[in-house]
Amino acid sequence: MNKEKSLFYQDSLLEKLHEIQSTYGYVPEAEIENLAEKYQLPRANIYGVISFYSMFYTEPTGKYIIRICDSISCHLNESESVLKAVKSFLDLESHQTTEDKKFTLEVVECLGHCGEGPVMMVNNKMYTKINKNKALEILNDCI
Ligand code: FES
């Protein structure tokens, strides 16, 4: 496959993965099989793409996906205390989902607001300059 064609397939595969993720909230095994067949790729390649991008999941997630940045700028602004409070409040570690499927916690790399850390996202909404009390207020509003 030439490079141009490969990039086309990659873009198309990403679009499909976004559609599937948006429909189911994750990418089910059956859909991975369908994509492997459609693009004539080994399933491992599809899994490789899914695992490369943090917005794709292979398991059902919580209604609220909480992402907390722990990259250097946020870390220097005490993201660790926010993370500790959120972990304790939800009784979760990173990449885990509450039993009631309400919350999924993700510790992530830079969310692009390095000058306004610590930064937390709830689904697509960004919260900047948070502290542990603000983070818990935000979570309480989700309950
Ligand atoms: Fe946290 Fe960039 S380091 S948003």
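For clarity, every value in this text was computed on a predicted model and none was experimentally measured.

Draft legend 1. Just the confidence of the model for the protein, in detail. For the protein, per-residue confidence averages 92 on the pLDDT scale, and residues scoring 70 or more make up 93% of the total. Taken together, the chains of this predicted complex give a pTM of 0.79 and an interface ipTM of 0.98.

Draft legend 2. Layout of the pattern of salt bridges. A complete count under the given rule lists four salt bridges for this structure. Its salt-bridge partner being Glu19, residue Lys16 comes within 3.6 Å of it at the nearest N-O pair. Of this pair, Lys16 and Glu19 are both found in helix H1 (residues 3–24), three residues apart, which corresponds to roughly one turn of the helix. Exposure remark for Lys16: the relative accessible area of 28% places this residue in the partly exposed category. Here Arg43 makes a salt bridge to Glu29, at a shortest N to O gap of 3.6 Å. Of this pair, Arg43 sits in helix H3 (residues 43–52) while Glu29 is found in helix H2 (residues 29–39), placing the two residues 14 residues apart along the sequence. Glu29 gets classed as partly exposed once you look at its relative accessible area, which sits at 36%. Salt bridges here are not isolated pairs; linked through shared partners, they connect Glu29, Glu33 and Arg43.

Draft legend 3. Layout of the UniProt feature "binding site: [2Fe-2S] cluster" (unreviewed entry) in the protein. UniProt feature "binding site: [2Fe-2S] cluster" (unreviewed entry): in the numbering of this structure it lies at Cys69, Cys74, Cys110 and Cys114. Spatial clustering of the annotated residues is evident: they stretch over 46 residues in sequence, but the largest pairwise C-alpha distance comes to 9.2 Å. Summarising the element assignment, Cys74 is placed in helix H4 (residues 72–76). The contacts of Cys74, once residues within four sequence positions are left out, are Cys69, Ser79, Gly117, Pro118 and Val119. Topologically, Cys114 is positioned in the loop between strand S3 (103–108) and strand S4 (120–122).

Draft legend 4. Representation of the packing of helix H5 (residues 79–90) against helix H6 (residues 132–142) within the structure. Taken N-terminus to C-terminus, the directions of H5 and H6 make an angle of 35°; their axes are 8 Å apart at the nearest point. Judged by the twist between their axes, the crossing of H5 over H6 is right-handed. Between H5, through Ser81, Val82, Ala85, Val86, Phe89 and Leu90, and H6, the contact on the second element is made entirely by Lys132, Ala135, Leu136, Leu139 and Asn140.

Draft legend 5. View of the nonpolar core. Ile66, Ile68, Val86, Met120 and Val122 are the most contacted members of the largest nonpolar core, which totals 18 residues. Elements with a contribution of two residues or more to this core: strand S1 (64–69), H5, S3, S4 and H6. Setting aside residues no more than four positions away along its own chain, Ile66 makes contact with Val86, Leu90, Phe103, Thr104, Leu105, Glu106, Met120, Met121, Val122 and Leu139. Counting 13 residues, the second largest nonpolar core, distinct from the first, contains Leu17, Ile32, Ile50 and Phe56.

Draft legend 6. Layout of the sheet that holds S3. Taken together, the five strands give an open sheet; going across it, the order is S2-S3-S1-S4-S5, and neighbouring strands pair in mixed fashion. A single partner strand is all that each edge strand has here, and the edge strands are strand S2 (96–97) and strand S5 (125–127). Relative to S3, S2 is paired through two bridges, and the arrangement is antiparallel. For Gln96, the partnering residue across the bridge sits in S3 and is Leu105.

Draft legend 7. Spatial organisation of the packing of aromatic side chains. In this structure the tally under the stated criterion is three aromatic pairs. Between Phe52 and Tyr53, the aromatic rings sit 4.9 Å apart at their centres with planes inclined by 85°, giving edge-to-face as the arrangement. Given a relative accessible area of 65%, Phe52 falls into the exposed group. A network of ring pairs unites the aromatic residues Phe52, Tyr53 and Phe56 as a single cluster.

Parameters and conventions
- Residues numbered from 1 in each chain as written.
- Predicted model: local features only at pLDDT ≥ 70, side-chain atom pairs only at ≥ 80, totals over all residues.
- Heavy atoms only, no water.
- pLDDT = per-residue confidence, 0-100.
- Salt bridge = Lys/Arg side-chain N within 4 Å of Asp/Glu carboxyl O.
- Helix = DSSP H or I, 4+ residues; strand = E, 2+ residues; numbered from the N terminus.
- Buried < 20%, exposed > 50% of the residue type's maximum accessible area, 1.4 Å probe, protein only.
- UniProt positions renumbered as here; feature names shortened; annotations may be inferred.
- Contact = heavy atoms within 4.5 Å.
- Axes fitted to C-alpha atoms, helices over the stretch in contact; angles between N-to-C directions.
- Left-handed = near helix turned anticlockwise from the far one by under 90°.
- Core = buried A, V, L, I, M, F, W, Y, C linked by side-chain atoms within 4.5 Å.
- Pairing = 2+ DSSP bridges.
- Phe/Tyr/Trp six-rings, centres within 6.5 Å; stacked < 30°, edge-to-face > 60°.

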